[in-house]
Amino acid sequence: MVDCHALSCAEVTVCGANVEACDGVYHDKEFSDCSTYNHIYENNSGGIIYFADGQWRLKVQESSSDRIYVIDSNAAVPPIGKWRNQDGIGYCKVEVARLDIVMHHPPDVSVI
């Protein structure tokens, strides 16, 4: 499971998607509810990358429940490589240009 308290600073690039809004550069978005999504990345066209149920997912609108591309992974950031279309036809390519993970401890955990 992805650690909700590990905040990443990544620049994620998606290309080759069959939905134009999915292509582009994604940046970290502050997440508000760790029980729903651990990390959210978004681009300027409405594309959203998020982690849920052992998969990294890519969809167009945050309010939509439909995911367009997925990859099975428990990685702390979106994995590099080809993500399959939810219909099993086609892929998009995902690259991570910058990666820096900073661990944050929940308030009830003391750091020794």
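If you're wondering where the values come from, they're calculated on a predicted model, not measured in any experiment.

Visitor: How should I be thinking about the nonpolar core in this particular structure?
Guide: Across soluble globular proteins, you tend to see nonpolar side chains buried next to one another. Of all hydrophobic cores here, the largest spans 19 residues; its most connected members are V12, Y26, Y41, I49, L58, W83 and C92. When residues of this core are traced back to their parent elements, those giving at least two are β2 (11–15), β5 (48–52), β6 (55–59), β7 (69–72) and β9 (91–98). The greatest single-element share of this core, amounting to three residues, is contributed by β9. Non-local contacts of V12, meaning those with residues more than four positions away in its chain, are made with G24, V25, Y26, Y41, I49, P78, V94, E95 and V96.

Visitor: Any chance you could explain the environment of N18 here in plain terms?
Guide: Tracing the backbone through its elements, the reader meets N18 in the loop between β2 and β3 (24–29). Separated by 74 residues in sequence, N18 and C92 have C-alpha atoms that sit 7.8 Å apart. Among residues more than four places away in sequence, those in contact with N18 are I68, Y69 and N85.

Visitor: What's the story with the pattern of salt bridges in this structure? I'm lost.
Guide: Note on pairing: side chains with opposite charge can pair once their charged atoms come close. Scanning the entire structure with this criterion turns up three salt bridges. Residue D53 pairs with R57 through a salt bridge whose shortest N-O separation is 3.7 Å. Relative accessible area serves as the criterion here: at 70%, D53 is assigned to the exposed category. One salt bridge connects R84 with D72, and the closest N-O pair in it is separated by 3.9 Å.

Basis of the calculations
- Residues numbered from 1 in each chain as written.
- Predicted model: local features only at pLDDT ≥ 70, side-chain atom pairs only at ≥ 80, totals over all residues.
- Heavy atoms only, no water.
- Core = buried A, V, L, I, M, F, W, Y, C linked by side-chain atoms within 4.5 Å.
- Buried < 20%, exposed > 50% of the residue type's maximum accessible area, 1.4 Å probe, protein only.
- Helix = DSSP H or I, 4+ residues; strand = E, 2+ residues; numbered from the N terminus.
- Contact = heavy atoms within 4.5 Å.
- Salt bridge = Lys/Arg side-chain N within 4 Å of Asp/Glu carboxyl O.

On their own, these measurements won't tell you what the molecule is for.
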